[in-house]
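Summary of structural features
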Amino acid sequence: MWFKNVQFFQLTDIDAIDTNELIDKLADFPLKECGSQEEYSFGWMPLIRNSEQWYLASNKCLLIRAGKEEKVLPSSVVREELETKISEIELMEGRKVGRKEKSDIKDELVFTLRPKAFSKRSDIWAYLDIEAKLLVINSTNASMTELLFKQLQTTLGSFPMAPLMAQESPSGLMSNWLLKNELPASLNTGEECEIQDGSEEKASIRFKALEPLSEDVTRHIEQGMRVKSLALKWTEKLNFVLHDDLSLRKIKFDDTIKEQAFNDSQGGGLSDLDANFALMSLELRQFYDSYKLWFDIQEK
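Residues numbered from 1 in each chain as written. Predicted model: local features only at pLDDT ≥ 70, side-chain atom pairs only at ≥ 80, totals over all residues. Heavy atoms only, no water.

**Focus: the overall build of the chain**
Broken down by element type, the chain carries 8 helices and 12 strands. Taking the principal axes of its C-alpha atoms as reference, the chain extends roughly 75 × 55 × 35 Å. Residue burial in the chain is summarised as follows: out of 300 residues, 45% are buried. Put simply, 67% of the contacts in the chain that link residues at least 6 apart link residues at least 24 apart. Element-wise, carbon and sulfur atoms account for 46% of the exposed surface of the chain, whose accessible area totals about 16500 Å². Separation of charge centres in the chain, based on 38 positive and 51 negative side chains, amounts to 5 Å. (Helix = DSSP H or I, 4+ residues; strand = E, 2+ residues; numbered from the N terminus. Buried < 20%, exposed > 50% of the residue type's maximum accessible area, 1.4 Å probe, protein only. Contact = heavy atoms within 4.5 Å. Areas by Shrake-Rupley, 256 points an atom, 1.4 Å probe, with all protein chains shown as cover. Lys, Arg positive; Asp, Glu negative; His and termini not counted. Charge placed at Lys NZ, Arg CZ, Asp CG, Glu CD.)

Structure (structure tokens):
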């Protein structure tokens, strides 16, 4: 288990977060099956299926996992049923069905069809880094992230956290890195870049398998476009794509780190997970020390 997409959030009042309480309460708020008329359910999950291992602790970090079960009701099915029902009414009653009536019929159909829909599960991993005062989430999905926040608040009563606030525009800063060829000492560019103009249409250009410092990229930046995402390498340990919302995507840890985790593991699912998490959390903590300096991120 290695995080592939990461969002960092600050823990704004570390003394108010009781990790022992969180550990004790995880099993009290588990993921449950959707009820017949529920759109979805959300709750904590064991780290490994069919186990009672709800967390892992390492390096003052606490790894947890949550999941979502949702009813999958394809829009095409609802649309087909709706069209059939409307056709029947118009044929039998000789009248047009209005917009409000269509909406009411659709709601009734969804209510009728939902119990027959199949369920799909997805999960989201995260960990609290008490030393770095961070919540690290392995997802860039806004709805899943919001559900995780709510689950933490429900479990603990409150959960003081805040998104990162950069003192400089991430897009502007990355654009200057390329335009001036002045990256932080620990960084090198990768082979992927997306730039975007400032118009309402937000036209964008994506470059792949191309050196971002090439004239093809910098020429557009000189003409006013700005970097939306940029592939980077950090100290030969981490490859990733940095986005203008400060998220990291397409993360790849160096093979030497993964080999060390493999050697540290005693073998088996939980042992492998423990070894991976121990090294990953340390690497991301060290990475964050550099990352927050690039954007002048201040603790709240």
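Resuming the write-up.
**Observations regarding the side chain of asparagine 276**
One can find asparagine 276 in helix H8 (residues 269-294). Apart from residues no more than four positions distant in its own chain, asparagine 276 is found in contact with Met1, Trp2 and Ala261.

**Overview of the sheet that holds strand S8 (residues 187-196)**
Judged by pairing direction, the sheet is antiparallel, and its 5 strands sit side by side in the order S9-S8-S10-S11-S12 without closing on themselves. Here the strands that pair on one side only, and so sit at the sheet edges, are strand S9 (204-208) and strand S12 (248-253). Averaged over all neighbouring strand pairs, the angle between strand axes comes to 15°, with direction disregarded. In terms of strand pairing, strand S11 (residues 238-243) meets S12 through 4 bridges, oriented antiparallel. By the bridge assignment, leucine 238 is partnered in S12 with phenylalanine 253. Along the sheet, helix H5 (residues 170-180) contacts S8, strand S10 (226-234) and S11; its crossing angle with S10, the most-contacted strand, is approximately 65°. (Pairing = 2+ DSSP bridges. Axes fitted to C-alpha atoms, helices over the stretch in contact; angles between N-to-C directions.)

**Overview of the environment of leucine 187**
Relative to the helices and strands, leucine 187 is located in strand S8. When the C-alpha positions of leucine 187 and asparagine 59 are compared, they lie 25 Å apart, and in sequence the two are 128 residues distant. Once residues within four sequence positions are removed from consideration, leucine 187 is found in contact with Trp177, Leu232, Lys233, Trp234, Phe240 and Trp294.

**What to know about H5**
When you tally the buried positions in H5, you get 8 out of 11 residues, the bulk of the element. Asparagine 181 sits one or two positions beyond H5 and adopts a positive phi of about 55°.

**With respect to the nonpolar core**
Within the largest apolar cluster, 51 residues are counted, with the highest numbers of intra-cluster contacts made by Phe8, Trp177, Phe240 and Tyr291. With 10 residues, H8 is the largest single contributor of residues to this core. In contact with tyrosine 291, other than residues within four places in its own chain, are Phe8, Leu164, Leu242, Leu246, Leu248 and Ile297. Among the nonpolar cores identified, the runner-up in size contains 25 residues, and Leu62, Leu128, Leu148 and Leu152 belong to it. (Core = buried A, V, L, I, M, F, W, Y, C linked by side-chain atoms within 4.5 Å.)

**Details of the environment of leucine 273**
Within the element layout of this structure, leucine 273 appears in helix H8. As for leucine 273 and proline 212, which are separated by 61 residues in sequence, their C-alpha atoms are 35 Å apart. Look past the residues within four positions of leucine 273 in its chain and what remains in contact with it is Met1, Leu47, Ile48, Leu56, Leu63 and Trp125.

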